[in-house]
Amino acid sequence: MERDIALKMVKDQLTEHRYQHTLGVMDTAIILAKQYGGDEKKAELAAIFHDYAKFRPKPEMKAIIVAEGYPEDLLQFNAELWHAPVGAYLVEKEAGITDKEILDAIRYHTSGRPGMTLLEKIIYLADYIEPGRHFPGVDEVREMAKEDLDTALIKSVQNTILFLMKKNQPVYPDTFHTYNDLVKKRQED
Ligand SMILES: [Fe+2]
Ligand SMILES: [Fe+2]
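Calculation notes
- Residues numbered from 1 in each chain as written.
- Chains lettered and ligands numbered in written order.
- Predicted model: local features only at pLDDT ≥ 70, side-chain atom pairs only at ≥ 80, totals over all residues.
- Heavy atoms only, no water.
- Buried < 20%, exposed > 50% of the residue type's maximum accessible area, 1.4 Å probe, protein only.
- Helix = DSSP H or I, 4+ residues; strand = E, 2+ residues; numbered from the N terminus.
- Arc of directions from axis to C-beta.
- Contact = heavy atoms within 4.5 Å.
- Salt bridge = Lys/Arg side-chain N within 4 Å of Asp/Glu carboxyl O.
- Donors = N, O, S within 2.8 Å, 3.2 Å for Na, K, Ca; no water.
- Tetrahedral: all angles 85-135°; square planar, octahedral: opposite > 155°, others 65-115°.
- Axes fitted to C-alpha atoms, helices over the stretch in contact; angles between N-to-C directions.
- Left-handed = near helix turned anticlockwise from the far one by under 90°.

Visitor: Just checking my understanding: could you explain helix α8 (residues 138-147) for this structure?
Guide: Residues lying three or four places apart along an α-helix face the same way, a consequence of the helix completing one turn every 3.6 residues. Within the span of α8, buried status applies to Val138, Val141, Arg142 and Ala145. Seen along its axis, α8 keeps its buried residues to an arc of 105 degrees; they face one direction. Among the exposed residues of α8, those oriented more than 90 degrees off its buried face are Asp139, Lys146 and Glu147. Contact partners of the buried residues in α8: α2 (16-36), α7 (118-129) and α9 (149-166).

Structure, rendered in structure tokens:
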């Protein structure tokens, strides 16, 4: 799918603020794909569609999670997690994108998962460091991303966990599993 058509599709689904964020994720994902030998076209499309389901009504998201047999523990955690797997589902249905790598990059962009692919890492990180993001620690991760993808990714997952814990919020288990997987692989190197 051409970039312009994809952007038009998501613009209709998002607020202006979220659309600007999407453009930032797209630019950042392409830079990271170039730098780390990822597929630039897939990075572009996955980035454009990553937040496609962000503003779908919660009952619709819930119904899709149940009907599609997605992990129902998602429903016990922050609804912020839902738009990722629901997005993968809707992007396939409504935009006709069937590439599994792209759909998985959308599916895991919020929680991460153990054994993340290069494309999944690129989208997760691009979502975290795109230029429109402003929060403590983001500049440090931006600098890390210039040097090493996994180092930056570990830091971003760590920051996310710490942020939630400081606010006494629950942490979705896959986010811990993602962190453990990345750190263990690093120790094995
Ligand atoms: Fe998202
Ligand atoms: Fe996002």
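Visitor: Can you help me understand the pattern of salt bridges in this one?
Guide: A side chain with one charge can pair with a side chain of the opposite charge if their charged atoms come near. In the structure shown here, the tally under the stated rule is 21 salt bridges. For the salt bridge of Lys41 with Glu44, the shortest nitrogen-to-oxygen distance reads 2.7 Å. Of this pair, Lys41 and Glu44 both sit in helix α3 (residues 40-49), 3 residues apart, roughly one helical turn. Take Lys41: its relative accessible area is 39%, and that puts it in the partly exposed class.

Visitor: Can you walk me through the coordination of the iron ion (ligand 1) in this structure?
Guide: Ideal values differ by geometry: the angle at a metal is 109.5 degrees with four tetrahedral donors, but 90 or 180 degrees with six octahedral donors. At this site the iron ion (ligand 1) is bound by Asp51 (OD), His83 (NE2) and His109 (NE2), with donor distances of 2.1 Å. Each donor residue of the iron ion (ligand 1) lies on the same chain, and together they follow the pattern D-x31-H-x25-H.

Visitor: Sorry, what's going on with the coordination of the iron ion (ligand 2) here?
Guide: For the iron ion (ligand 2), the full set of protein donor atoms is His21 (NE2), His50 (NE2), Asp51 (OD) and Asp127 (OD), at a range of 2.1 to 2.3 Å. Around the iron ion (ligand 2) sit 4 donor atoms, and with donor-metal-donor angles ranging over 80 to 173 degrees the site reads as irregular. Sequence positions of the donors to the iron ion (ligand 2) reduce to the motif H-x28-H-D-x75-D.

Visitor: Hey, could you run me through the packing of α9 against helix α10 (residues 173-188) in this one?
Guide: The interhelical angle for the contact between α9 and α10, taken along N-to-C directions, is 145 degrees, at an axis separation of 10 Å. Remark: the crossing between α9 and α10 carries left-handed chirality. Judged by residue contacts, Asp150, Thr151, Leu153, Ile154, Val157, Gln158 and Ile161 of α9 engage Thr175, Phe176, Thr178, Tyr179, Leu182, Val183 and Arg186 from α10.

Visitor: Sorry if this is basic, but what is going on with unusual backbone geometry here?
Guide: Peptide bonds are mostly trans, and most non-glycine residues show a negative phi. A positive phi angle, close to 60 degrees, is found at Asn168, a residue other than glycine. Tracing the sequence through the fold places Asn168 in the loop between α9 and α10. Judged by relative accessible area, Asn168 falls into the exposed class, the value being 72%.

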